[in-house]
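One-letter residues, chain by chain:
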There are 4 protein chains.
Amino acid sequence: MSDAFPVVIGTCLDAEAIWTGRDASNADRRVMLSHGTFAIKEGLAPLLDLFDTHGVKSTFFIPGTTADRYPDAVRLVHARGHEIASHGHGHRPTAHLSPQEEKQELVTGIDSLEKIIGTRPVTWRSPSWDWSEHTLDLLLENGVTVSTNFHDSLRPYRHERHGKSVDVVELPVQWHLADAPYFMYGGQAERTIRPAVDAQKVWEEEFDALQDCPGAFYHLTLHVQLIGHPGRLKMLDRHLRHIKEQPRTKILTAQELAASVT
Amino acid sequence: MSDAFPVVIGTCLDAEAIWTGRDASNADRRVMLSHGTFAIKEGLAPLLDLFDTHGVKSTFFIPGTTADRYPDAVRLVHARGHEIASHGHGHRPTAHLSPQEEKQELVTGIDSLEKIIGTRPVTWRSPSWDWSEHTLDLLLENGVTVSTNFHDSLRPYRHERHGKSVDVVELPVQWHLADAPYFMYGGQAERTIRPAVDAQKVWEEEFDALQDCPGAFYHLTLHVQLIGHPGRLKMLDRHLRHIKEQPRTKILTAQELAASVT
Amino acid sequence: MSDAFPVVIGTCLDAEAIWTGRDASNADRRVMLSHGTFAIKEGLAPLLDLFDTHGVKSTFFIPGTTADRYPDAVRLVHARGHEIASHGHGHRPTAHLSPQEEKQELVTGIDSLEKIIGTRPVTWRSPSWDWSEHTLDLLLENGVTVSTNFHDSLRPYRHERHGKSVDVVELPVQWHLADAPYFMYGGQAERTIRPAVDAQKVWEEEFDALQDCPGAFYHLTLHVQLIGHPGRLKMLDRHLRHIKEQPRTKILTAQELAASVT
Amino acid sequence: MSDAFPVVIGTCLDAEAIWTGRDASNADRRVMLSHGTFAIKEGLAPLLDLFDTHGVKSTFFIPGTTADRYPDAVRLVHARGHEIASHGHGHRPTAHLSPQEEKQELVTGIDSLEKIIGTRPVTWRSPSWDWSEHTLDLLLENGVTVSTNFHDSLRPYRHERHGKSVDVVELPVQWHLADAPYFMYGGQAERTIRPAVDAQKVWEEEFDALQDCPGAFYHLTLHVQLIGHPGRLKMLDRHLRHIKEQPRTKILTAQELAASVT
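Given the structure is predicted, the values throughout are model-derived calculations rather than measurements.

Chemist: If you had to explain the overall build of chain A to someone new, which residues and values would you point to?
Modeler: In terms of helices and strands, chain A carries 11 helices and nine strands. Radius of gyration (C-alpha) of chain A: 17 Å, near the 18 Å computed for a compact globule of 262 residues. Counting only C-alpha atoms and orienting by the principal axes, one finds that chain A spans roughly 45 × 45 × 35 Å. Counting only contacts in chain A whose residues sit at least 6 apart along the sequence, the fraction spanning at least 24 positions is 70%.

Below you can see the structure in the form of structure tokens.
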């Protein structure tokens, strides 16, 4: 890696699971679900094209129920060379789960993806960016070696158990480097929607400043249902251009970056 | 339609029903209701003039109770050549209704408008942008052929029942292409009010980018009580100018665009 | 009035009452109350100076409990030539009051001001911008001839009872022409604080556009505890300059403008 | 002090205590806690370097539980010449505490810091910017001579008991001169995140205008977990440059400024 500046782009392909995971009764709210369906019907194809244009390999986090419902979307993402990563099964918040349920969410989420792509994903993100006291053991038992959940660092690091580092690398995330705080609207969230240039401003303030932090990397979090609208995709195009203008930039999947963490 | 880029402007003329539909006890809150009354007393006339200036035919969604109370407003909108569309009767959220109530809301809402304009509207929008499992049947039974409720596509499409397309066309909407997320304030909503130029920025980011999406259309959602303030109308004037500068632009009512969907 | 464009600046001098009116138990929360105390200790003097610099006579809405506690502040505002107007007694929301309580709030609020300035105020604003079904009668019985509560018009108008106009003029207000949506923070409100230039942008979008609306007036709503911070007062200085650059501008108190309404 | 314009920069080093203080059950939510851990792992070192670059001595407010957990961080801040100030023990809101608990929070918070730096801090900030009716007595009994909690003034002042000034100086704070309203996200707070330049705009509107207020000072409130992100630190760098361009600027700790208050 030497002087390279790693960039990881994590993309959540939640579809309807983002709503049913919060509250199972949302399954009857067809219009609310349609916010998620947008990801499949509209957002995914041009986002994949944009990634191709810029030579970006992204890490796609896909809930098991979404994979079950849209296996062709998973195959398409996989065929275009992106990393397929687990995002639980039903997009249910970890804090609401019993230990048994947490295990089942993790295992069945991975199973659903394996059935489609033939290999078990090694990267995982909790649907709610949360861990319980059981999570690390569950990850180790299930071959998950990359977590993208914690907010405590600008740098990748290796998790520890009883003071010894284990085979799970953390690639920390930040809320201000996600699309949701600027674009999420509907359901319970009714804050003001921001122009796409506003998100770009925050992201580039941080991207530029991160250049001066040895060992740091840039970790962007996208949701296909939010970023996949045409005006926001144009902004992402400008943002990717900006990222690539920095000569040290090296865009990697989560798995690729984690592999370099000692 | 060929190379034309369709633009549909849906305008909600809710008046007081937006408050009483949420909570019947708001009927006693005279000042809260006055936010809605603004649409009738102030917002409607200059908005209609602005539409005339730009040759815009809009689709007006009017709740039955509002039509009952302000039949002259309905006549005026109709006489100026805009499409009159149904918006339920009492502006009550679909998710709060029994199947029987949902039917009654739809039927009486249409009846109220027919009494005034002499024809039954064919376009309908749920007051809460929501559908139940009964909605499609109710629309088919009541001659509604255009729905503007779902958020899943940039393109018009035909609804299906048991895998077969039926005579209801969907013209999908988007929250970021509405005025409410930037201007709604009072009642339960107390987020920051934005300058009108901020909404214009979001709308034009999206309008410009939609030009590159074959089959897509631009669907703007307005509320007379929000957009009908003088500074915001000036912004809408600039926005309509921008829309019309694009040579492919063809401004249509919801019914007109739906008629071209095969 | 002829060709003049009337401007009314209503200023709420709430002090601690804004917190105790919401919840009496806030009386024990000394730091929360200190947000209100700022109005008396810091905000009022430079605001009065700024009004003098621009020759502005404002209408000050002062709750009775605030007047009881700070009679010198009331005398000062009065001596500088501003209108003293009633804002209830304990800044309690109308919707939470019994008819008897509503009457008492109105009467004792007026009494408190009369004790200090020797005359009974004729202008009144509900602390919550709300009216009950009893309010109009109460206003008529208590010599209130000017209300600044409704949101339904850009123009002053006369209230009606049983279809006949009565001796209460309404000077309607708008939330986007207040300072609170941009600056209010703390207590229950925790939305994003905006730069002062952002509020100025919204206000001037509307001020400029109102010039083209015959019969309309510009009605700005300020709170001493919010606008009275130095950076925001600089913005108000710029805004008042902008208002006065318009040659038709005529700045009036609420009572003065209401007197011209037939 | 004469013509100098005092600037005080109060920095909260809360770490995980900000979450466990709100709700003890958050101790199990490892990812939520990681928002706080960021302060220790990432934010503190570059913030201290930036302060050194500008010759800034800040006042650091550190909860006792954070000091117990990260004594080296306290030693580092102290060794770099900043004031160590108390911020309670468990970052628990004053309004939720019994008188006995309030006393214990204050005393044990101070004890924790004394154990590390060898002296008892004299400056204190409530974790919730709140005082009970017992607070002043508790401060006097425990040698706290500087409070930074109230919002009622632009100027330092001395607290009073029974009408007589006592040995506790208040250095008032303002929410709009803090970082939290623009950057706080996660947990219960889910308002829109703002670009760093937006906070800088508000801060400099106020800093510049305060120059004209005799006796006033500029009091900035930072949280290491929020301001310690690279893009925001670049903004703070620009802001400190702006502060120092004003020739009257004199940057002081809270204790230093309070010592000059008669």
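Chemist: Account for the side chain of glutamate 83 of chain A, naming residues and giving values.
Modeler: Residue and element names in this part refer to chain A. Its place among the elements puts glutamate 83 in strand β3 (residues 83-86). Although glutamate 83 is buried, it forms no salt bridge, and the closest oppositely charged side chain is arginine 125 at an N-O distance of 9.7 Å. Polar side-chain contacts of glutamate 83 include one of 3.3 Å to the backbone nitrogen of alanine 254.

Chemist: Go over the interface of chain B and chain A with me, naming the residues and quoting the values.
Modeler: By a widely used convention, the size of an interface equals the accessible area lost when the partners come together. Counting residues at the interface gives 31 residues for chain B, matched by 26 residues for chain A. Here chain B and chain A share an interface that buries about 2500 Å² over both sides, 57% of which is from carbon and sulfur atoms. Inspection of the region where chain B meets chain A yields five salt bridges. Counting across the interface, chain B meets chain A through 12 residue pairs in polar contact (both at pLDDT 80 or more). For the side of chain B that touches chain A, the elements supplying multiple residues, two or more each, are β6 (157-161), α7 (180-183) and α8 (196-210) of chain B. Among the elements that make up the side of chain B that touches chain A, the one with the highest residue count is α8 of chain B (seven residues).

Chemist: Lay out the relation of the copies chain A and chain D in plain terms, naming residues and giving numbers.
Modeler: Of the two same-sequence chains, chain A is brought onto chain D (RMSD 0.0 Å, axial shift 0.0 Å) by a rotation of 90°. Here the transformation between the copies is reduced to the relation of a four-fold axis. In terms of proximity to the rotation axis, the leading residue of chain A is arginine 191 of chain A, whose C-alpha is 4.4 Å off the axis. A low fraction, 10%, of the interface residues of chain A reappear at the interface in chain D, so the copies pair through non-equivalent surfaces.

Chemist: Tell me about the interface of chain A and chain D, and name the residues and values.
Modeler: Contact residues are listed per partner, giving 31 residues for chain A and 25 residues for chain D. Roughly 2500 Å² is buried in total at the junction of chain A and chain D, and carbon and sulfur atoms are behind 56% of that figure. The interface formed by chain A and chain D holds five salt bridges in total. A salt bridge links aspartate 152 of chain A to lysine 41 of chain D; its shortest N-O distance comes to 3.4 Å. Where chain A meets chain D, there are 12 residue pairs in polar contact (both at pLDDT 80 or more). Of all the secondary structure elements, the ones that give two or more residues to the side of chain A that touches chain D are β6 (157-161), α7 (180-183) and α8 (196-210) of chain A. Looking at the side of chain A that touches chain D element by element, the count peaks at seven residues for α8 of chain A. Looking at the side of chain A that touches chain D residue by residue, the class counts come to 13 nonpolar, eight polar and 10 charged.

Chemist: Outline the packing of aromatic side chains, listing residues and values.
Modeler: The geometry of an aromatic ring pair is captured by the separation of the ring centres together with the interplanar angle, meaning the angle of the planes. All names here are of chain B. Inspection of every chain in the model, using the stated rule, returns 28 aromatic pairs over all chains. Look at phenylalanine 5 and phenylalanine 207: their rings are 5.6 Å apart centre to centre, the planes differ by 85°, and that puts the pair in the edge-to-face class. Taken together, the positions of phenylalanine 5 in strand β1 (residues 5-12) and phenylalanine 207 in helix α8 put the pair 202 residues apart, joining distant regions of the chain. For phenylalanine 5, a relative accessible area of 1% puts it in the buried group. On the accessibility criterion, phenylalanine 207 (1% relative accessible area) is buried.

Chemist: So what about the arrangement of the chains? Which residues, and what values?
Modeler: The least C-alpha distance between chain A and chain C, which are not in contact, is 9 Å. One thing to see here is that chain B and chain D don't touch, and their nearest C-alpha atoms sit 9 Å from each other.

Chemist: Quick one: what's the story with the packing of helix α2 (residues 30-53) of chain D against helix α10 (residues 230-245) of chain D, residue by residue and with numbers?
Modeler: All names here are of chain D. Where α2 meets α10, the axes come as close as 11 Å, and the angle between the chain directions of the two elements is 20°. By the criterion of interaxial angle, the relationship of α2 to α10 is roughly parallel. Seen along the crossing, α2 lies across α10 with a hand that is right-handed. Residue-level inspection shows Pro46, Leu47, Leu50, Phe51 and Thr53 of α2 in contact with α10, the latter providing Leu233, Leu236, Asp237, Leu240 and Lys244.

Cut-off values and rules
- By convention here, each chain's residues receive numbers from 1 onward along its written sequence.
- Numbering of ligands from 1 and lettering of chains from A proceed in the order in which they are written.
- Whole-chain, interface and lining totals are the exception, using all residues; otherwise, since this is a predicted model, local features are given only for residues with pLDDT of at least 70 and side-chain atom pairs are given and counted only at 80 or more.
- Side-chain figures throughout are based on the complete set of non-hydrogen atoms in the structure, without hydrogens or water.
- Only runs of H or I of at least four residues qualify as helices and only runs of E of at least two qualify as strands under DSSP, and these elements are numbered from the N terminus.
- C-alpha atoms define the radius of gyration in this analysis, and the globule rule sets the expected value at 2.2 Å times the number of residues to the power 0.38.
- Contact between two residues is taken to exist if any of their heavy atoms lie within 4.5 Å; hydrogens are not considered.
- Here the term buried applies to any residue with accessible area under 20% of the maximum for its type, exposed to any over 50%, and partly exposed to those in between, with areas from a 1.4 Å probe on protein chains only.
- Positive charge is attributed to Lys and Arg, negative charge to Asp and Glu, and no charge count is given to His or to the chain ends.
- Salt bridge, as applied in this entry: a Lys or Arg side-chain nitrogen positioned within 4 Å of an Asp or Glu carboxyl oxygen.
- Throughout this description, a polar contact denotes any pair of N or O atoms lying within 3.5 Å of each other; where both atoms belong to protein, one of them has to be capable of donating a hydrogen while the other can accept it, and for residues adjacent in sequence the pair is counted only when both atoms sit in side chains.
- Here the buried area means the combined drop in accessible surface, using a 1.4 Å probe, for two parts upon being joined, counting both sides.
- In this comparison the copies share one frame, found by least squares on the C-alpha atoms of residues holding pLDDT of at least 70 in both.
- Amino acids outside the nonpolar list (Ala, Val, Leu, Ile, Met, Phe, Trp, Tyr, Cys, Pro) and the charged list (Asp, Glu, Lys, Arg) are all regarded as polar, and Gly is one of them.
- Stacked, tilted and edge-to-face pairs are distinguished by plane angle, under 30 degrees for stacked and over 60 for edge-to-face with tilted covering the rest, among Phe, Tyr and Trp rings (Trp via its six-membered ring) whose centres lie within 6.5 Å.
- All axes are obtained by fitting lines to C-alpha atoms, using only the stretch in contact for helices, and the reported angles, taken between N-to-C directions, cover 0 to 180 degrees.
- Between 65 and 115 degrees an angle is taken as roughly perpendicular, under 35 as roughly parallel, over 145 as roughly antiparallel, and anywhere else as oblique.
- Here a crossing is called left-handed whenever its near helix is offset anticlockwise from the far helix by less than a right angle, and right-handed whenever the offset is clockwise.

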